[in-house]
Amino acid sequence: QVQLVESGGGLVQAGGSLRLSCAASGRTFSGYTMGWFRQAPGKEREFVAAITWSGGRSNYLESVKGRFTISRDNAKNTVCLQMNSLKPEDTAVYYCAAGLGGLIFQAWQYRHWGQGTQVTVSS
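Here is a short report on the structure shown in this document. Predicted model, so just to flag it, every value in this text is computed and none were measured. (Residues numbered from 1 in each chain as written. Predicted model: local features only at pLDDT ≥ 70, side-chain atom pairs only at ≥ 80, totals over all residues. Heavy atoms only, no water.)

Quick word on the side chain of Arg38
And step 1. As for its position among the elements, Arg38 is in strand S4 (residues 33-39).
And step 2. For Arg38, a relative accessible area of 5% translates into the label buried.
And step 3. A polar contact of 2.6 Å, which involves the side chain of Arg38, links it to the side chain of Glu46.
And step 4. At a separation of 2.9 Å, a polar atom in the side chain of Arg38 contacts the side chain of Asp90. (Helix = DSSP H or I, 4+ residues; strand = E, 2+ residues; numbered from the N terminus. Buried < 20%, exposed > 50% of the residue type's maximum accessible area, 1.4 Å probe, protein only. Polar contact = N/O pair within 3.5 Å; in protein donor to acceptor, adjacent residues only side chain to side chain.)

If you want it as structure tokens, here you go:
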């Protein structure tokens, strides 16, 4: 079992930045693709970004491309999401997830999930 704990959420004004972190513990982190998802009130959970185990491939939700960057440090068992130029529509609970199978972006493909961290962007 992999335990995931997110941190770094908060309240920020539009145009600002936040850096989310996800710390993994428990079973080996090795081989897992890491992803970030988000869920806004009244909406379904949506894929935001993913990065493969090696860090060689990543993928992003179209609306966050050029603003968000996903990265990982396998030595520290952490994955981060740098969010710049934030917009009110980025407001959501952000979840870290771990899964196997390459560059995956469907929620059902991820086996392990964190509890989420709230990101609120004010206009």
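Concerning the pattern of salt bridges
Two side chains of opposite charge can pair, provided their charged atoms sit close to one another.
And step 1. With the rule as written, the count across this model stands at four salt bridges.
And step 2. A salt bridge links Glu46 to Arg38, with the nearest nitrogen and oxygen atoms 2.6 Å apart.
And step 3. Its relative accessible area of 31% is what places Glu46 among the partly exposed residues.
And step 4. Across the pair Asp90 and Arg67 runs a salt bridge, and its minimum N-O distance is 2.8 Å. Here Asp90 is found in the loop between strand S8 (78-83) and strand S9 (92-99), whereas its partner Arg67 is found in the loop between strand S6 (58-60) and strand S7 (68-73), with 23 residues between them in sequence. Across the pair, Arg67 and Asp90 agree in class, each one buried.
And step 5. Salt bridges sharing common partners tie together Arg38, Glu46, Arg67 and Asp90. (Salt bridge = Lys/Arg side-chain N within 4 Å of Asp/Glu carboxyl O.)

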